[in-house]
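Architecture and fold: a report
What follows is the residue order along each chain.
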Amino acid sequence: LLSSATSQGLHVVHIAAEMAPVAKVGGLGDVVSGLGKALQKKGHLVEIVLPKYDCMQYGRVCDLRALNVVIESYFDSQLYESKIWVGTVEGLPVYFIEPQHPDKFFWRGKFYGEHDDFRRFSFFSRAALEFLLLAGKKPDIIHCHDWQTAFIAPLYWEIYVHKGLNSARICFTCHNFEYQGTAAASELESCGLDKNNLHRSDRMQDNSAHDRVNAVKGGIVFSNIVTTVSPTYAQEVRTAEGGHGLHSTLASNTKKFIGILNGIDIDAWNPATDAFLPVQYNATDLEGKLENKQALRRNLGLSSADIGRPLVGCITRLVPQKGVHLIRHAIYLTLELGGQFVLLGSSPVPHIQKEFEGIADNFQNHDHIRLILKYDESLSHAIYAASDMFIIPSIFEPCGLTQMISMRYGAIPIVRKTGGLNDSVFDVDDDTIPPQFRNGFTFVNADEQGLKGALLRAWNLFKNNPETWKQLVQKDMSIDFSWESSSAQYEELYINLAKTSQIGNEYN
Ligand code: ADP
């Protein structure tokens, strides 16, 4: 059970805190399964290691079973057991680690936001490597993601290479530099990393709070290759303004740092087959899209009187990064213009959640505005399908998936020109862009005027030029946002990395 299947291609192990649809908070979850599936399709052996959360969507794991082994991994000067489960998610083999630690690290009813997240995920990272070692796996690539599993990189080169797990090169992807996983330097010791060796300015010392360590910095320093999720964001984080304190670390590691635009899982996000939708549709049958609009209006109790009334959608985590004040402004602006607005979002930030609950209450039985403040996968599909326009006024956006999903469902994106939005949405009025690439509406300044200008331009086109609008919808629905080209870029990186493993055991 524990041996790895042989394959012509590379053996890639993703170690992550999220994977769609079983454990998803945001885009990270989509990327792990989307990229994993695409690489599997190309003939590589792809395996995933995840924590076994109590709050996972267990219904989406096939053949989940406990393995007849227990691993013991180091934490706080002693060994702790973890049970290992295996199952299949979206056709990918997944190992779930269930620590038998008294702190019940993954029995919290939520994925993140616990006071001991640093401990929870440094424990998980160590246990994941222990599992690979014990299972005798010989991966070519270990791919870790975000601060939660950035510990893998220093753990691998400092400890596990010497224990015999030494076949791999490490790829680290940072999906958002705002979240870095910092803690007092002493906390690093829990998972067995040597504070004296790592709490240094060229290793894991936080660049601002010098008495702390920084997991993402460790991921950057100790990985063979570091990626982020769009070329524009890769440029932005190299600046003092965009780097959240890590620009200097990226500067010293610039040769191994690259931005690759995410794709989306075009099987999971396909209006022609989407089982969450009351009516499936495609670019040549937009009647079906209208039926979804009417169905959503009925379900949410919005007025269905005027079918031509534009519906603006927004699906997001409500955090400052997403431009919450501009989202709020877009709601009132849409109302003023005579449209309908549906927001699906939830916030880990109490004052933002409270503010939006206030707005939701204001519009409780309103004919044209509805705010649904929770995470709801099925409703998200229905909103993409029903919307005419889709608003993403982010202050910064590493990649962003909702603009790609909305286009695939024929909802025209209105976005701020930043990060991955800048690499995937091109303004219909921008003469510097070849016409065939123009697909939405963009604005530069993160203020109400900027947003208003773009929304008004979209509004006018929708109202005054329905035929051009329809062509835009059809064009957007046909754009290829699959993982095909992005996964090919990862594949090339992996192949080049794997070649270097013959040269020696080094991360630089
Ligand atoms: P981020 O990773 O910063 O949250 P992305 O745009 O990369 O943003 O990914 C967001 C993903 O999460 C999309 O698949 C989107 O549909 C989904 N999503 C965000 N909020 C919700 C919600 N409240 N309910 C359902 N899905 C959501």
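Residues numbered from 1 in each chain as written. Predicted model: local features only at pLDDT ≥ 70, side-chain atom pairs only at ≥ 80, totals over all residues. Heavy atoms only, no water.

We now examine the sheet that holds strand β17 (residues 441-443). Across the sheet, six strands lie side by side as β14-β13-β12-β15-β16-β17; this open sheet has parallel pairing. What marks the edges here is a single partner per strand, and that holds for β14 (369-372) and β17. Recorded for the sheet is a direction-independent mean angle of 15° between the axes of neighbouring strands. The pairing of strand β12 (residues 311-317) with strand β13 (residues 340-346) spans seven bridges and is parallel. The partner of valine 312 across the bridge, within β13, is phenylalanine 341. The strands that helix α9 (residues 287-300) touches are β12, β13 and β14; relative to β13, the one it contacts most, it runs at about 70°. Along the sheet, helix α15 (residues 448-464) contacts β12, β15 (389-392), β16 (412-416) and β17; its crossing angle with β17, the most-contacted strand, is approximately 165°. (Pairing = 2+ DSSP bridges. Helix = DSSP H or I, 4+ residues; strand = E, 2+ residues; numbered from the N terminus. Axes fitted to C-alpha atoms, helices over the stretch in contact; angles between N-to-C directions. Contact = heavy atoms within 4.5 Å.)

What follows concerns the nonpolar core. Core analysis: the biggest nonpolar cluster contains 99 residues, and Ile15, Leu129 and Phe177 have the highest contact counts within it. A per-element tally of this core places helix α2 (residues 117-134) first, with nine residues. (Core = buried A, V, L, I, M, F, W, Y, C linked by side-chain atoms within 4.5 Å. Buried < 20%, exposed > 50% of the residue type's maximum accessible area, 1.4 Å probe, protein only.)

Let us now look at the sheet that holds strand β3 (residues 62-75). Spatially, β3-β4-β5-β2-β1-β6-β7-β10-β11 is the arrangement adopted by the nine strands of the open sheet, whose pairing is mixed. Lying at the two open borders of the sheet, with one neighbouring strand each, are β3 and β11 (257-259). Direction aside, neighbouring strands of the sheet carry axes that sit 25° apart on average. Judged from the five bridges that link them, strand β6 (residues 141-145) and strand β7 (residues 169-174) form a sheet pairing that is parallel. Note on β7: the bridge partner recorded for histidine 143 is cysteine 171. Packing against the sheet, helix α1 (residues 27-41) makes contact with β1 (11-15), β2 (45-51), β5 (92-99) and β6, and its axis sits at approximately 140° to β5. Packed on one face of the sheet, α2 meets β1, β2, β3, β4 (78-89), β5 and β6 and runs near 105° to β3.

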